[in-house]
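Residue-level structure breakdown
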Amino acid sequence: MKFYKKKYDIVVVGGGHAGCEAALAAARMGCSVLMLTMDLDKIAAMPCSPSIGGMAKGQLVKEIDALGGIMARASDASAIQYHTLNTRKGPAVHSTRTQNDKAAYHRFLKHFLENSPAIDIKQALVEDIVAENGQIIGVAEVTGVGFESRAVILATGTFLQGVVHIGDRTMQAGRAGEFSSLGLARSLASLGFEKGRMKTGTPPRLHRRSIDFTKFSKRPPDTSPTPFSYSTTAVSGPMIPSYMGNTNKILHSFVRQNLHHSALYGGHIHGKSARYCPSFEDKIVKFPERESHQIILEHEGLDTEEIYASGLGNSLPWEIQAELVRMVDGLEEAEIIRPAYAIEYDFLNPRQLKPTLETKLIEGLFLAGQINGTSGYEEAGAQGLWAGINAACKVQSRPPFILDRSEAYMGVMVDDLVTRGTEEPYRMFTSRAEYRLLLREDNADLRLAERAHGLGLIGDEQLERAREIKKATADELSRIRDTIIKPSAGTNLYIEKRGTPPITTGIALDQLLKRAGMDYGAVDELSPPPLPIHPRVRQQVEIELKYEGYIARQHNEIKKFKDMERMTIPDGIDYLSLNGLSNELKEKLKAVMPKSLGQASRIDGMTPAALSIIMIAVAALKGG
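The structure reproduced in this document is the subject of the present report. Numbers given for residues are sequential positions, taken from 1 along each chain in its written order. Residue-level local features of this predicted model are given only where pLDDT is at least 70; pairs of side-chain atoms are given and counted only at 80 or more, and the full residue set underlies all totals for whole chains, interfaces and linings. Values shown for side chains rest on all heavy atoms present in the structure; no hydrogens or waters enter the calculation.

A few points about the nonpolar core
Residues belong to a common nonpolar core when they are buried Ala, Val, Leu, Ile, Met, Phe, Trp, Tyr or Cys residues joined through side-chain atoms within 4.5 Å. Throughout this description, buried means an accessible area under 20% of the type-specific maximum (1.4 Å probe, protein chains only), exposed means over 50%, and partly exposed covers the range between. If you look at the biggest cluster of nonpolar residues, it comprises 118 residues, and the most contacted ones within it are I10, L154 and M410. Helix and strand labels come from DSSP, where a helix needs a run of H or I of at least four residues and a strand needs a run of E of at least two; each type is numbered from the N terminus. At 11 residues, the largest contribution of residues to this core is made by helix α9 (residues 377–395). Whether two residues touch is decided by their heavy atoms; if any such pair falls within 4.5 Å, the residues are in contact. Residues within four places of I10 in sequence aside, it is in contact with A26, C31, S32, V33, L34, S149, A151, I153, A391, A392 and V395. Core analysis: the second largest hydrophobic core is formed by 24 residues, Y243, I295, A309 and L316 among them.

The structure is reproduced here in structure tokens:
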């Protein structure tokens, strides 16, 4: 094998959402980076949903942005619709979602990468991991050229031995119309990695002019959208609606009659499907009592006729799909431009990873995205950023970058993956985050700016902006808590108009704001600040006061969590020799090799008695 003349600090294999974030993070930290991707015209492709964000995913995107990542900026540059989800609930679960012009998203990222001086981009099909004595050397592509590097990040998406299924027809492909990565899958297997198979899919694309939109409910975009990125100053692009409809009993009956033609139910697919994003035929089987399921029609861009039919994903033959689609009200004349399909692919058990996303088997080899068993652009992007930062830290001999479960949603995700592994496509949910009231969208930059700046991921201006908001919030909270509102006719008239009882004695303004029906507007009316307050400061103050008791409780829970995390487990503990542990738990502990008692406590099947045994063993090993 002949190595390319230039040696890189880091090679990133894959140009999807994980690969883009990994390459850019490492480059910002001063590393020379090579991105190798099968097709330069598919960089940052959106092969499934034309959207970014959503429940819990929006929080991940905000955290990526706070750490200097690109996803939120790309989303703002290509957004054709904004929605803030869960606005009727508390701020802990408010989540931003954009609908995006797929082509514009791709063009933005490709241009950004091409103009990043520390990043070289080459089109190549990587088929071999080059390692010696458990240490990464580089990678080799299909024509025999090798690329040397000190670290490698694999962000392969669904391409490892990818197989596309449409009915009983199958084709080797990473996505429809694209090569499958066979050699790289064999290389990873030869190195001893434990792999499994997963399945995902995508719905049909319909021709816009063949749809009767009058039979669907129009879903307009938010009228006053807030940009995704903290650095975006305004939303300027044209916004368009999406359309909502429903399936019906006749369609459900038709699908049941044709289940044997489905790749999923015809025995052709063996990979594990996502429980939380079932295909249409899966919904029919698993929810037989439902007489209808929701369909959402979304434009794939401003300059294309393709409509994404969310909710109709399936693995039925094309001709059956055509009949299926036309049974929906409004789609009687619909023409399929691209059929729905299912795809199976290899993933590597993420318990084979360190918390940095570096593999335990090969030093300097990092994994990010669907290769780790996750699903979704946002989960992939967050892992790519995490892996890119840690690969750079390794190359530069800096301490590893780890965010724990109390610091970020991405910390929750990575801890879940490396501690528990996954047997189905992993998706982020707000319910997975124990401290979600503190890990909100609105404060991601306030939580993470200091860490990001210390790593060189954001500049002085971004750090200073976060510091100013935090200081202004603290100052305004202090002023409000020190302000006493005395009863008067005008004051009580205002208070009663807000639907809350009048006051008869002086009351602290912060206590008044905690009442139902009151918000920061009461401050403007009853005790205006001496200088104008930034909208984000107003938002932070209101949340801090309204949820003060719950926030204090979460801080106490985090203290207990941190105490467990500080109880480190040294390397070298032999779990197989510990008496009193079940064989199953011994094997899990050996596989995970937890770094702390906190991490050990989160292993599936862990018990208080087992933790006590581990604590005694740790004390003995430390000589205590």
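Details of the environment of L367
In this structure, L367 sits in strand β21 (residues 365–367). Judged by relative accessible area, L367 falls into the buried class, the value being 3%. Expressed as a C-alpha distance, the spacing of L367 and K559, which sit 192 residues apart in the sequence, is 31 Å. With residues near it in sequence (within four places) discarded, L367 still touches L154, L348, L353, L357, T359, N372 and A387.

Things to note about the sheet that holds strand β11 (residues 163–166)
Pairing between strands is defined by DSSP: at least two bridges between the two strands are required. Strand order across the open sheet formed by four strands is β12-β11-β20-β13, with antiparallel pairing between neighbours. The open sheet has two free edges, formed respectively by β12 (169–172) and β13 (195–202), since each of these has just one partner strand. Across the sheet, the axes of successive neighbouring strands diverge by a mean angle of 25°, strand direction being ignored. Sheet analysis places β13 next to strand β20 (residues 341–348), joined by eight bridges and oriented antiparallel. The residue of β20 that forms the bridge with R197 is D346. Lines are fitted to the C-alpha atoms to define the axes, a helix being fitted only along its stretch in contact, and any angle between axes, read from their N-to-C directions, falls within 0 to 180 degrees.

Let's talk about the sheet that holds strand β14 (residues 205–207)
One open sheet accounts for six strands, arranged β15-β16-β17-β18-β14-β19; its pairing is antiparallel. Strands with a single pairing partner mark the edges of an open sheet, and in this sheet they are β15 (217–219) and β19 (336–338). Going across the sheet, the axis of each strand differs from the next one's by a mean of 35°, ignoring polarity. Packed onto the sheet, helix α8 (residues 318–325) meets β14 and β19 and runs at close to 135° relative to β19.

What about the packing of aromatic side chains?
Only centres within 6.5 Å qualify two rings of Phe, Tyr or Trp (six-membered ring in Trp) as a pair; their planes then separate them into stacked at under 30 degrees, edge-to-face at over 60, and tilted for everything else. Here the structure, examined in full by the defined rule, presents six aromatic pairs. With centroids separated by 5.8 Å and ring planes inclined at 55°, the aromatic side chains of Y435 and F561 adopt a geometry described as tilted. Placement of the pair is Y435 in the loop between α10 (409–420) and α11 (444–454) and F561 in helix α17 (residues 548–566), with a sequence separation of 126 residues. On the accessibility criterion, Y435 (8% relative accessible area) is buried. The class for F561 is buried, based on a relative accessible area of 10%.

Topic: unusual backbone geometry
The phi angle of most residues is negative, glycine excepted, and most peptide bonds adopt the trans form. The phi dihedral of A56 is positive, around 70°, even though this residue is not glycine. Checked against the element boundaries, A56 lands in the loop between β4 (51–53) and α2 (57–66). Positive phi values are uncommon outside glycine, yet S397 reaches one of about 55°. Taking the relative accessible area as the measure of exposure, S397 reaches 67% and is therefore exposed.

Section: helix α18 (residues 583–592)
Along α18, the residues that are buried comprise L585, K586, K588, L589 and V592. Burial along α18 is one-sided: seen end-on, the buried residues are contained in an arc of 165°. Among the exposed residues of α18, those pointing more than 90 degrees away from its buried face are N583 and E584. Contacts from the buried residues of α18 go to α10, α19 (597–601) and α20 (608–621). M593 sits one or two positions beyond α18 and adopts a positive phi of about 50°. Think of the arc as the fan of directions from the helix axis to the C-beta atoms.

Re the pattern of salt bridges
Where charged atoms of side chains with opposite charge meet at close range, the side chains can pair. Any Lys or Arg side-chain nitrogen found within 4 Å of a carboxyl oxygen on Asp or Glu counts as a salt bridge. Evaluation of the coordinates by the stated rule reveals 46 salt bridges. Here D282 and K286 are joined by a salt bridge, their closest N and O atoms 3.3 Å apart. One end of the pair is D282 and the other is K286, both in helix α7 (residues 280–286) and four residues apart, which spans about a single turn. For K286, a relative accessible area of 48% translates into the label partly exposed. Between E363 and K394 there is a salt bridge, with the nearest N and O atoms lying 3.1 Å from each other. Residue E363 is located in the loop between β20 and β21, and its partner K394 is located in helix α9; the two are separated by 31 residues in the primary sequence.

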